[in-house]
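Inside the fold
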Amino acid sequence: MSVRDQNRFNRRVFLGTALAGAGAALVPAHAQDDGTTEFTTGGAVRNNVSSFRMLNWQDYFSNTQNGAILVDITSRALHYWSEDQAIYRLYPTSVPLSEDLTRRGHTSVVQKVVAPTWRPTPSMLERNPEWPEVVEGGAPDNPLGTHALYLGWTYYRIHGTHDTRKIGRRSSNGCVGLYNEHIQELFAFSKVGTQVLLI
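No experiment lies behind these values; they were computed from the predicted model shown.

Regarding the pattern of salt bridges
Once the charged atoms of two side chains with opposite charge are near each other, the side chains can pair. The tally for this structure, following the rule as stated, stands at 5 salt bridges. With its nearest N and O atoms 3.5 Å apart, the salt bridge here joins Lys 191 to Glu 83. Taken together, the residues Lys 191 in the loop between α3 (180-189) and β12 (195-198) and Glu 83 in the loop between β4 (77-81) and β5 (88-92) connect sequence positions 108 residues apart. The partner of Arg 104 in a salt bridge is Glu 99, with the nearest N and O atoms 2.8 Å apart. Residue Arg 104 is classed as partly exposed on the basis of its relative accessible area, which comes to 38%. The exposure class assigned to Glu 99 is partly exposed, which follows from its relative accessible area of 47%. Through salt bridges with shared partners, one network takes in Glu 99, Arg 104 and Arg 170.

Here's what the structure looks like:
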């Protein structure tokens, strides 16, 4: 190939790459939240604030005795580290609807329940008097899904959900929700005494 042909080839490669990059910039960026889809050409709109990034347990816990669960309300993510740190998992979650329903701080898993029975709290029934007083475990409309980890705080749980639209959203009355397949895995990893921190 002559120098002239090589220059022409290099210009074609450069122009082709530049045009492809410009065309990609015109393709709408896709963001999803609250069960709706939004499009933007500049990337300025982003409703789903989930920021799935790996974290180091040392930044939040002094040790991983009995395992450690970190729930980040802002990024709507749950992190799990096993006691020996050989297992690390990152799950998308649903989080409380508002700040007044949100509890932060240290607690632990105090009970593990398969097919948990759901009873709305007194404040839930006050806000929603039409709700049933109890939904048996295993019922398809049970808000706790297939498994639940009861925390040291009254009424607070990490549990599954049959309504997968809730994950990644502010949609709970205080609990942290996971896809049923994720709570099943977390349920198997964790034990009574597993450390929990909500930030």
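From this point, the discussion proceeds with the structure in view.
Here we look at the confidence of the model for the protein
With 74% of its residues at a pLDDT of 70 or more, the protein shows a mean pLDDT of 81. Throughout residues 13-49 the model reports pLDDT below 50, and contacts reaching past four residues in sequence, or to other chains, amount to 31 contacts.

Quick word on the side chain of Thr 102
Counting through the fold element by element, Thr 102 comes out in the loop between β6 (95-96) and β7 (105-114). According to the relative accessible area criterion, Thr 102 is buried, its value standing at 13%. A polar contact of 2.8 Å, which involves the side chain of Thr 102, links it to the backbone oxygen of Ser 98. If near-sequence neighbours (up to four positions away) are discounted, Thr 102 is found in contact with Ile 73, Pro 96 and Arg 170.

Regarding the pairing of β7
Alignment of β7 against β12, held across 4 bridges, turns out to be antiparallel. Of the residues in β12, the one forming a bridge with Gly 105 is Leu 198. In this sheet, strand β8 (residues 147-151) lies alongside β7 in antiparallel orientation, the contact comprising 5 bridges. Bridge pairing links Val 113 to Ala 148 in β8.

Re the environment of Arg 104
You can see Arg 104 is positioned in the loop between β6 and β7. Along the chain, Arg 104 and Leu 198 lie 94 residues apart, while their C-alpha atoms are 4.7 Å from each other. Setting aside its immediate chain neighbours within four residues, Arg 104 contacts Ile 73, Glu 99, Trp 153, Leu 198 and Ile 199. In terms of polar contacts, Arg 104 uses its side chain to reach the side chain of Glu 99, at 2.8 Å.

Observations concerning the sheet that holds strand β11 (residues 176-179)
Strand order in the open sheet formed by 8 strands is β5-β4-β3-β12-β7-β8-β9-β11, and the pairing between neighbours is mixed. Both outer strands of the open sheet, β5 and β11, are each paired with one neighbouring strand and no more. Between one strand axis and the next, the sheet turns by 25° as a mean value, whatever way the strands run. The sheet strands contacting α3 are β3 (68-72), β4, β5, β7, β8, β9 (157-161) and β11, and the helix crosses β11 at an angle near 105°.

Here's the deal with the packing of aromatic side chains
The full count for this structure, using the stated rule, is 5 aromatic pairs. On the basis of an interplanar angle of 85° and a centroid distance of 5.8 Å, the ring pair of Trp 153 and Tyr 156 is categorised as edge-to-face. Both residues of the pair, Trp 153 and Tyr 156, count as buried. Among the aromatic residues, those joined into a ring-pair cluster are Phe 61, Trp 81 and Tyr 88. Looking at Lys 112, its charged tip hangs above the ring of Phe 187, at a distance of 4.5 Å from the centre.

Conventions and cut-offs
- Residues numbered from 1 in each chain as written.
- Predicted model: local features only at pLDDT ≥ 70, side-chain atom pairs only at ≥ 80, totals over all residues.
- Heavy atoms only, no water.
- Salt bridge = Lys/Arg side-chain N within 4 Å of Asp/Glu carboxyl O.
- Helix = DSSP H or I, 4+ residues; strand = E, 2+ residues; numbered from the N terminus.
- Buried < 20%, exposed > 50% of the residue type's maximum accessible area, 1.4 Å probe, protein only.
- pLDDT = per-residue confidence, 0-100.
- Contact = heavy atoms within 4.5 Å.
- Polar contact = N/O pair within 3.5 Å; in protein donor to acceptor, adjacent residues only side chain to side chain.
- Pairing = 2+ DSSP bridges.
- Axes fitted to C-alpha atoms, helices over the stretch in contact; angles between N-to-C directions.
- Phe/Tyr/Trp six-rings, centres within 6.5 Å; stacked < 30°, edge-to-face > 60°.
- Lys NZ or Arg CZ within 6 Å of the ring centre and 35° of its normal.

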